[in-house]
Every structure is written in C-alpha cells, then in structure tokens.
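This is what each chain is made of:
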Amino acid sequence: MVTDQTIGESTTHLSADDLVALRENLHEQRLFRQEQLRQLAGPATSRAEDRNRRQAAAQAEVRVKLAASARMVLADVEAALTRMRQGSYGTCHLCRRPVDRQRLMIVPQARYCARCQQVKEALP
C-alpha cells in the first residue's frame, strides 16, 4: 500500500494487513529475481541456444503439419483409386451428378462437383 506520506513522518504506521500484502509482494519479487538470476547465470550463448531451440520447435511444427496434410491427401488419393475400381469415380458424393472433367484433371481426387464443393466449404 503506497501513500503520499514521506517515510520519515511519524504518522506512517503499517497495519497488519499492510505488512501481509507487503510480505507477499516481496516474496513474489524474490522468486522473480531468483529465477531471473538463474537465467542470467547461464552460458553467454543462451540467447542463441534459445533461438535455435525455438527454430527447431517451429521446424518440427511445420513438419508435423506437412505430414498431416500429406496423410490427408494420400487418403483422398486412395479413396479416388477405390472409387475407380468400384466404378463410381467422377460422380459427386452429394448430388450424384458427374464431376466436370476439367475439375478432375486439376484435382483428380475430387469427391464433389464444383457447386457442391462451394456449398460444403461455405458451411461452418
């Protein structure tokens, strides 16, 4: 608790609540500073090492996302090959109309015609 009184004034009396709050604040500051000193006492290259660790983590995250994307596309490709074997390739899964040839030439694993794909993507 901070007041406008100066420290030397005799009217500056700390209540028990004031002391509890100040003690808690000091404990928090002590913990913060101890941790700060532990980090600063590390090797001089800690910033570079931290940067390298962050870069490695970011690269790992990108690899995970790329792998997930590759698995999704692979599953779509496998499903398209199955549809070819079953004779249903090129038929929209929603409206059952033929998928446009140009669309299949661009996205051979397409499950939907362009119209149904737009509707599907517009849904939340």
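Parameters at a glance
- Counting starts from 1 at the beginning of each chain's written sequence and moves along it residue by residue.
- Only residues with pLDDT of 70 or above have their local features reported here, since the model is predicted, and side-chain atom pairs are shown and tallied only from 80 upward, although totals for entire chains, interfaces and linings are computed over all residues.
- By convention in this description, side-chain values take in all heavy atoms of the structure and omit both hydrogens and water.
- Strands here mean DSSP runs of E at least two residues long; helices mean DSSP runs of H or I at least four residues long; both are numbered from the N terminus.
- Accessible surface is estimated by sampling points in the Shrake-Rupley manner with a 1.4 Å probe; for residues, cover comes only from the protein chains shown.
- What is meant by a nonpolar core is a set of buried Ala, Val, Leu, Ile, Met, Phe, Trp, Tyr and Cys residues, joined one to another through side-chain atoms within 4.5 Å.
- Working definition: with a 1.4 Å probe on protein chains only, accessible area under 20% of the residue-type maximum means buried, over 50% means exposed, and in between means partly exposed.
- Contacts are residue-level and defined by heavy atoms, with any inter-residue pair within 4.5 Å sufficient.
- Here, a salt bridge means any side-chain nitrogen of Lys or Arg that lies within 4 Å of a carboxyl oxygen of Asp or Glu.
- Counted charges follow a simple rule, with Lys and Arg positive, Asp and Glu negative, and His plus the chain ends left uncounted.
- What makes a patch is a set of residues exposed beyond 30% relative accessible area and free of salt bridges, joined within 9 Å when like-charged and within 5 Å when nonpolar (Val, Leu, Ile, Met, Phe, Trp, Tyr).
- Summary of the metric used: pLDDT quantifies the predictor's per-residue confidence within the range 0 to 100.
- Contacts described as polar in this section are N or O atom pairs within 3.5 Å, which, within protein, must combine one atom able to donate a hydrogen with one able to accept it, while residues neighboring in sequence count only if both atoms come from side chains.

Novice: What is the right way to look at the overall build of the protein in this model?
Specialist: On a plain count of helices and strands, the protein comes out with 4 helices and 0 strands. The secondary structure elements of the protein, listed N-terminal to C-terminal, are α-α-α-α. On the protein, roughly 10700 Å² of surface is accessible, and the fraction owed to carbon and sulfur atoms is 58%.

Novice: Is there a simple way to explain the nonpolar core in this structure?
Specialist: Within soluble globular proteins, side chains that are nonpolar tend to cluster in buried spots. Cys 92, Val 99, Leu 104, Ala 110, Tyr 112, Cys 113 and Cys 116 form the largest nonpolar core, which has 7 residues in total. In this view, Cys 92 contacts Arg 97, Val 99, Arg 111, Tyr 112, Cys 113 and Cys 116; residues no more than four positions away in its chain are not counted.

Novice: Quick question: what am I supposed to make of the environment of Ala 75 here?
Specialist: Looking at where Ala 75 falls in the secondary structure, it is placed in helix α2 (residues 46-86). Sequence separation between Ala 75 and Gln 109 is 34 residues, and the spatial gap between their C-alpha atoms is 9.4 Å.

Novice: What exactly am I supposed to notice about the pattern of salt bridges here?
Specialist: It is possible for side chains of opposite charge to pair when their charged atoms get near one another. Inspection of the entire model under this criterion finds 3 salt bridges. Close ionic contact of Glu 49 with Arg 53 constitutes a salt bridge, the shortest N to O distance being 3.9 Å. Residue Glu 49 and its partner Arg 53 are both found in helix α2; the two are separated by 4 residues, about one turn of the helix. We classify Glu 49 as partly exposed; its relative accessible area is 35%. Lys 65 is the salt-bridge partner of Glu 61, the closest N and O atoms lying 3.2 Å from each other.

Novice: Hey, could you run me through the side chain of Arg 103 in this one?
Specialist: Relative to the helices and strands, Arg 103 is located in helix α3 (residues 101-106). Buried charge Arg 103 goes without a salt bridge, the closest partner of opposite sign being Glu 121 at 6.3 Å. If sequence neighbours within four positions are ignored, Arg 103 has contacts with Ala 110, Tyr 112, Cys 113, Ala 114 and Gln 117.

Novice: Explain a nonpolar patch on the surface to me, please; I cannot follow it from the model alone.
Specialist: A cluster of nonpolar residues, Met 72, Val 73, Leu 74, Val 77, Leu 81 and Met 84, forms a patch on the protein surface that exposes about 530 Å² of accessible area. With respect to the helices and strands, Leu 74 occurs in helix α2.

Novice: Sorry if this is basic, but what is going on with the confidence of the model for the protein here?
Specialist: Where the model shows low pLDDT, its predicted coordinates should not be examined in detail. When the pLDDT values of the protein are averaged, the result is 83; 85% of them are 70 or greater. Mean pLDDT per element in the protein: helix α1 (residues 16-40) is the minimum at 80, and helix α4 (residues 114-122) is the maximum at 94. Throughout residues 1-11 the model reports pLDDT below 50, and contacts reaching past four residues in sequence, or to other chains, amount to 6 contacts.

Novice: Would you mind going over the side chain of Arg 83 with me for this structure?
Specialist: The residue Arg 83 is located in helix α2 in this model. At a separation of 3.2 Å, a polar atom in the side chain of Arg 83 contacts the main-chain carbonyl oxygen of Gln 109. Beyond its immediate chain neighbours, meaning those up to four positions away, Arg 83 contacts Ser 88, Tyr 89, His 93, Gln 109, Ala 110 and Arg 111.

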